[in-house]
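An overview of the molecular structure
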Amino acid sequence: MINAFGLKNKQLVKVNEGDINNAAWIDLIEPEEADRDFVLNHLGQNLATSIELDDIEASARFFEDNEGLHVHSFFFYEDAEDRAGNSTVAFTVHNGRLFTLRERDLPAFRLYRMRSRYQSMVDGNPYEILLDLFEVKVEQLADQIESIYSKLEELSQVIMDRSAQEQYDEAMTSLAELEDTAWKVRLCLMDSQRAVNYLVRRAKMPADQLEQAREVIRDVESLVPHNESLFQKVNFLMQAATSFINIEQSRIIKIFSVVSVVFLPPTVVASAYGMNFENMPELKWEYGYPFSLLLMLLAGVAPYIYFKLKKWL
């Protein structure tokens, strides 16, 4: 799919394919071969392939050639099942236009398009659009970090509440998911820092965009320590939960050990003497056999019920 945007009174407005030659930003989402041919035939621009998007080498992510200035950068997203991920977006600045190619719809792009309806641009050049997208991206990552902090606070209360141990399994699963999300946020921050640093060093940007790029770098640098503290918090909560589980298991094993020691002497006596007597009144008891069966059933069920009530199982 191709979305083309032009500038009208320094505001981005969507244009149809017939006016694509007047577009300042060409945004392609999961482009088919026909879309690539259309861009090549009308604008003379070759687009990155899926294999090039997956390449992680710096030389393949930040470079300049006859096709323009190229920057490939990760953008954070959450799928329909709230699982976090990073998707690579290919940015190309060539002949006064910005080309973006991505394999999926991304929240940062949706938010930027909504804002562009009401906000005017300063210079309206492709570098400003590119950096505006990075600003929205950094804001999204900041919101994600705040969300993780909030969820960790809720999990902290669950883990520190020793009476809620039945929720530990779910809490540990949530901690693992939050750690994975925080890692993807960190990767996205590091990649953004590398991308914008490359633009500052290599791109011939106007002074306003150069200052905007430096501001984005400062924002990223301010978020990195917060993201690092998330890992420390997650590790602390995991260790605390594991320690509480081990303490509870040790307490239960201690009870079993005491019970085993208490009942060991009667067991030894019963093993030594057992039923080695002639005068045993119970042998002639009419209901002795069903009574013994009932007693065995109760002896097996009663400990199970007791352990369930004590939440040892």
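Here's what I pulled together on the structure shown here. Computed from a predicted structure; not experimentally measured.

What counts and how
- Residues numbered from 1 in each chain as written.
- Predicted model: local features only at pLDDT ≥ 70, side-chain atom pairs only at ≥ 80, totals over all residues.
- Heavy atoms only, no water.
- Axes fitted to C-alpha atoms, helices over the stretch in contact; angles between N-to-C directions.
- Helix = DSSP H or I, 4+ residues; strand = E, 2+ residues; numbered from the N terminus.
- Left-handed = near helix turned anticlockwise from the far one by under 90°.
- Contact = heavy atoms within 4.5 Å.
- Buried < 20%, exposed > 50% of the residue type's maximum accessible area, 1.4 Å probe, protein only.
- Core = buried A, V, L, I, M, F, W, Y, C linked by side-chain atoms within 4.5 Å.
- Arc of directions from axis to C-beta.
- Salt bridge = Lys/Arg side-chain N within 4 Å of Asp/Glu carboxyl O.
- 1 Å grid on protein atoms, 1.4 Å probe; cavity = no way out; pocket = protein on both sides within 12 Å on 5 of 7 lines; lining within 4 Å.
- Points joined across faces, edges and corners; volume = space filled by probe spheres on them.
- Nonpolar A, V, L, I, M, F, W, Y, C, P; charged D, E, K, R; others polar.
- Phe/Tyr/Trp six-rings, centres within 6.5 Å; stacked < 30°, edge-to-face > 60°.
- Lys NZ or Arg CZ within 6 Å of the ring centre and 35° of its normal.
- Pairing = 2+ DSSP bridges.
- Patch = residues over 30% accessible without salt bridge, like charges linked within 9 Å, V, L, I, M, F, W, Y side chains within 5 Å.
- Areas by Shrake-Rupley, 256 points an atom, 1.4 Å probe, with all protein chains shown as cover.

1. Quick notes on the packing of helix H4 (residues 107–116) against helix H5 (residues 126–160)
At a minimum axis distance of 9 Å, the contact between H4 and H5 shows a crossing angle of 120°. By crossing handedness, the relation of H4 to H5 is classed as right-handed. Packed against H4, whose contacting residues are Pro107, Ala108, Phe109, Leu111, Tyr112 and Arg115, the element H5 presents Ile129, Asp132, Leu133, Val136, Lys137, Glu139 and Gln140 at the interface.

2. Topic: unusual backbone geometry
It is generally the case that most residues other than glycine have a negative phi and that most peptide bonds are trans. Even without being a glycine, asparagine 9 presents a positive backbone phi close to 55°. Position of asparagine 9 among the secondary structure elements: in the loop between strand S1 (2–8) and strand S2 (11–15). If you check the backbone angles, asparagine 95 has positive phi at about 55° while not being a glycine. Residue position: asparagine 95 is located in the loop between strand S6 (84–94) and strand S7 (97–102). The class of asparagine 95 is exposed, set by a relative accessible area of 57%.

3. As for the nonpolar core
In this structure, Trp25, Phe91, Ile129 and Ile159 are the most contacted members of the largest nonpolar core, which totals 62 residues. Elements that contribute at least two residues to this core include exactly strand S5 (68–78), S6, H4, H5, helix H6 (168–202) and helix H7 (207–273). Counting residues per element, this core draws most heavily on H5, which supplies 15 residues. Once residues lying within four places of it in the same chain are set aside, the contact partners of isoleucine 159 are Tyr168, Ala171, Leu175, Leu237, Ala240, Ala241 and Phe244. Counting residues in each nonpolar core, the second largest holds 16 residues, with Ile2, Leu28, Leu53 and Leu101 among its members.

4. Structural notes on H4
Considered for burial, the residues of H4 that qualify are Ala108, Phe109, Tyr112 and Ser116. Around the axis of H4, the buried residues are gathered within 95° of arc, so they sit on the same side. Considering only its buried residues, H4 is in contact with S2, strand S3 (25–29), S5, S6, S7 and H5.

5. Description of the pattern of salt bridges
Pairing is possible between side chains that carry opposite charge, provided their charged atoms lie close to one another. Within this structure, the stated rule accounts for eleven salt bridges. One salt bridge in this structure joins arginine 102 and aspartate 27, with 2.5 Å as the shortest N-O distance. With arginine 102 in strand S7 and aspartate 27 in strand S3, this pair connects stretches of sequence that are 75 residues apart. You can call arginine 102 buried: its relative accessible area is 1%. Residue classification places aspartate 27 among the buried positions, given a relative accessible area of 0%. Look at the salt bridges and you will find they share partners, linking Asp27, Arg102, Asp105 and Arg110 into a network.

6. Structural notes on the layout of surface pockets
There is about 320 Å³ of room inside the second largest pocket. Around the second largest pocket, the lining comprises 15 residues; the ones closest to its centre are Asp82, Lys151, Ser174, Glu177 and Leu178. When its residues are assigned to classes, the lining of the second largest pocket shows four nonpolar, three polar and eight charged.

7. Quick notes on the packing of aromatic side chains
Under the definition given, this model contains nine aromatic pairs. By way of ring pairs, the aromatic residues Phe5, Trp25, Phe75, Phe91, Phe109, Tyr112 and Phe134 are connected into one cluster. A cation over an aromatic ring shows up here: arginine 102 above the ring of phenylalanine 109, its NZ or CZ 4.1 Å from the ring centre. Directly above the aromatic system of tyrosine 77 lies the positively charged group of arginine 104, at a separation of 3.8 Å from the ring centroid.

8. Re the pairing of S3
Along S3, five of the five residues are buried, which leaves the element largely enclosed by surrounding structure. One ladder, built from four bridges, connects S1 with S3; its direction is antiparallel. Pairing of isoleucine 2 across the sheet is with leucine 28, part of S3.

9. Details of the sheet that holds S7
Reading across from one edge, S2-S1-S3-S7-S6-S5-S4 is the order of the seven strands in this open sheet, with mixed pairing throughout. The open sheet has two free edges, formed respectively by S2 and strand S4 (62–65), since each of these has just one partner strand. Strand after strand, the sheet turns through a mean of 25° between neighbouring axes, direction not considered. Where S4 lies against S5, four bridges are found, and the strand directions are antiparallel. Considered in S5, the bridge of phenylalanine 62 is made with valine 71.

10. Observations regarding a nonpolar patch on the surface
Nonpolar side chains collect at one region of the surface, where Leu294, Leu297, Leu298, Val301, Tyr304, Ile305 and Leu309 lie side by side and expose about 710 Å² of accessible area between them. Structurally, leucine 309 can be placed in helix H8 (residues 288–309).

These figures capture arrangement, not role.
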